[in-house]
Amino acid sequence: MNPEKNDYKIFLIQKLALWREKKNLSVALFDFDDTLIKTRKIFIKQIELYVEACIKEMPHLSFDEVLTKLKEINKTVYQTEKVNPQRWKTVAKILGSIYITKNRNIFAEKLNILNEIYIIIPEFYEGAFETITILHKAGFRLGLVTHANKQWTLFKLKSLSLENLFESVTIAHEDKFKDFRDWENAITTFHVSPQQAIVIGDNIKGDIEAARKAGVKSLVWLNVEQWSVYLQQEKPKETIIIDEISKLIPTLLAI
């Protein structure tokens, strides 16, 4: 590592440790998908590949039309089947009922393309890994509160070598919405009060508002490109807003 960069990292760790003590914070709880890692990007790519593969068998259909219809259906199905990967079967079934062709099973037959979402290793956001390691070295105990299929979550943690960095991993069940109880459960595992935790996430309703309802006062919303359903809530007025995870530590130190 560049000596100057290493010196700056040590400086940040020391300064952040003092800031943490001053704010009486001991735990940093992160959302996972699209907060630390780029999963939305994977979904978008595989959905587009899926539509392309389907319409190759039905050239009379428009890519844009089918893609738009799939997004509408997926948004509706999300309300009932949440983030369970099995929901893609429902999406395919509905698409097949709308676009009746000689091979009306084509949407089901190409589902392997969507299922690949759960075996692709996601990328970290720039600065994400460095950010969580600095927080850890500054004395923060780290936790994840994620809303996803359990096996997929474990796959991502192992693939990205994060299994031992987070002291606690709380997985909101795939068949329900993420809410304040998931944040309460995570905080309980650390045996601290909600006021001693800081929460960082991209979902206003499931992360920021839910954590506030769990009693957390230190809230950081990551305002990045995200699913529209995650924006259907007003942010608590005390919310700190950043547009890149790499800006988390400099923003906190400026408070």
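Notes on the structure in this doc start here. None of these values were measured; they are calculated from a predicted model. (Residues numbered from 1 in each chain as written. Predicted model: local features only at pLDDT ≥ 70, side-chain atom pairs only at ≥ 80, totals over all residues. Heavy atoms only, no water.)

### Section: the overall build of the protein chain
Turning to step 1, where the next piece is worked out: When its secondary structure is counted, the protein chain shows eleven helices and eight strands.
Turning to step 2, where the next piece is worked out: Expressed as lengths along the three principal axes of its C-alpha atoms, the size of the protein chain is roughly 70 × 40 × 30 Å.
Turning to step 3, where the next piece is worked out: When the 255 residues of the protein chain are sorted by exposure, 51% land in the buried category.
Turning to step 4, where the next piece is worked out: For the protein chain, long-range pairs separated by at least 24 residues make up 70% of all intrachain contacts whose partners lie at least 6 apart in sequence.
Turning to step 5, where the next piece is worked out: Working note: accessible area of the protein chain is about 13,000 Å², and carbon and sulfur atoms make up 51% of it.
Turning to step 6, where the next piece is worked out: Each charge sign in the protein chain was given a centre, from 36 positive and 33 negative side chains, and these centres are 3 Å apart. (Helix = DSSP H or I, 4+ residues; strand = E, 2+ residues; numbered from the N terminus. Buried < 20%, exposed > 50% of the residue type's maximum accessible area, 1.4 Å probe, protein only. Contact = heavy atoms within 4.5 Å. Areas by Shrake-Rupley, 256 points an atom, 1.4 Å probe, with all protein chains shown as cover. Lys, Arg positive; Asp, Glu negative; His and termini not counted. Charge placed at Lys NZ, Arg CZ, Asp CG, Glu CD.)

### Looking at helix H10 (residues 204-213)
Turning to step 1, where the next piece is worked out: In terms of burial, H10 is largely enclosed, as seven of its ten residues are buried.
Turning to step 2, where the next piece is worked out: Check the buried side of H10 and you find it contacts helix H9 (180-190), strand E6 (197-201) and strand E7 (218-222).
Turning to step 3, where the next piece is worked out: Between a side-chain oxygen at the N-terminus of H10 and the backbone nitrogen of Lys-205 the separation is 3.0 Å; the capping residue is Asn-203.
Turning to step 4, where the next piece is worked out: Directly after H10, the chain includes Gly-215, whose backbone phi takes a positive value near 105 degrees. (Polar contact = N/O pair within 3.5 Å; in protein donor to acceptor, adjacent residues only side chain to side chain.)

### Digging into the pattern of salt bridges
Turning to step 1, where the next piece is worked out: Tallying each qualifying case throughout the model produces eleven salt bridges.
Turning to step 2, where the next piece is worked out: Between Asp-182 and Lys-176 there is a salt bridge, with its nearest N and O atoms 2.9 Å apart.
Turning to step 3, where the next piece is worked out: The residue Asp-179 makes a salt bridge to Arg-181 at a minimum N-O spacing of 2.4 Å.
Turning to step 4, where the next piece is worked out: Given the relative accessible area of 15%, Asp-179 is considered buried.
Turning to step 5, where the next piece is worked out: Overlapping salt bridges bring together Asp-31, Lys-178 and Asp-207 as one network. (Salt bridge = Lys/Arg side-chain N within 4 Å of Asp/Glu carboxyl O.)

### Concerning the sheet that holds E7
Turning to step 1, where the next piece is worked out: Read from one edge to the other, the open sheet built from six strands follows the order E5-E4-E1-E6-E7-E8, with strand pairing classed as parallel. Looking at the sheet topology across the chains shown, the edges are occupied by strand E5 (168-172) and strand E8 (240-242). Strand-to-strand twist across the sheet, computed as the mean angle between neighbouring axes with direction ignored, equals 20 degrees.
Turning to step 2, where the next piece is worked out: Here three bridges tie E7 to E8, and the two strands are oriented parallel to one another. Counterpart to Val-220 in the pairing with E8 is Ile-240.
Turning to step 3, where the next piece is worked out: Against the sheet, helix H8 (residues 150-159) touches strand E4 (141-147) and E5, its axis set at about 145 degrees to E5. (Pairing = 2+ DSSP bridges. Axes fitted to C-alpha atoms, helices over the stretch in contact; angles between N-to-C directions.)

### Considering the packing of aromatic side chains
The description of an aromatic ring pair uses the distance of the two centres, along with the angle that the planes make with each other.
Turning to step 1, where the next piece is worked out: Throughout the structure, instances matching the rule amount to eight aromatic pairs.
Turning to step 2, where the next piece is worked out: Measuring from centroid to centroid gives 6.4 Å for Phe-43 and Trp-88, while their planes differ by 40 degrees, and the two rings are tilted. Of this pair, Phe-43 sits in helix H2 (residues 40-56) while Trp-88 is found in helix H4 (residues 87-98), placing the two residues 45 residues apart along the sequence. Across the pair, Trp-88 and Phe-43 agree in class, each one buried.
Turning to step 3, where the next piece is worked out: Through successive ring pairs, a cluster of aromatic residues spans Phe-43, Trp-88, Tyr-118 and Trp-152. (Phe/Tyr/Trp six-rings, centres within 6.5 Å; stacked < 30°, edge-to-face > 60°.)

### Side note on the environment of Ile-245
Turning to step 1, where the next piece is worked out: Structurally, Ile-245 can be placed in the loop between E8 and helix H11 (248-253).
Turning to step 2, where the next piece is worked out: Judged by relative accessible area, which is 2%, Ile-245 ranks as buried.

The quantities given are spatial measurements derived from coordinates; they are silent on function.
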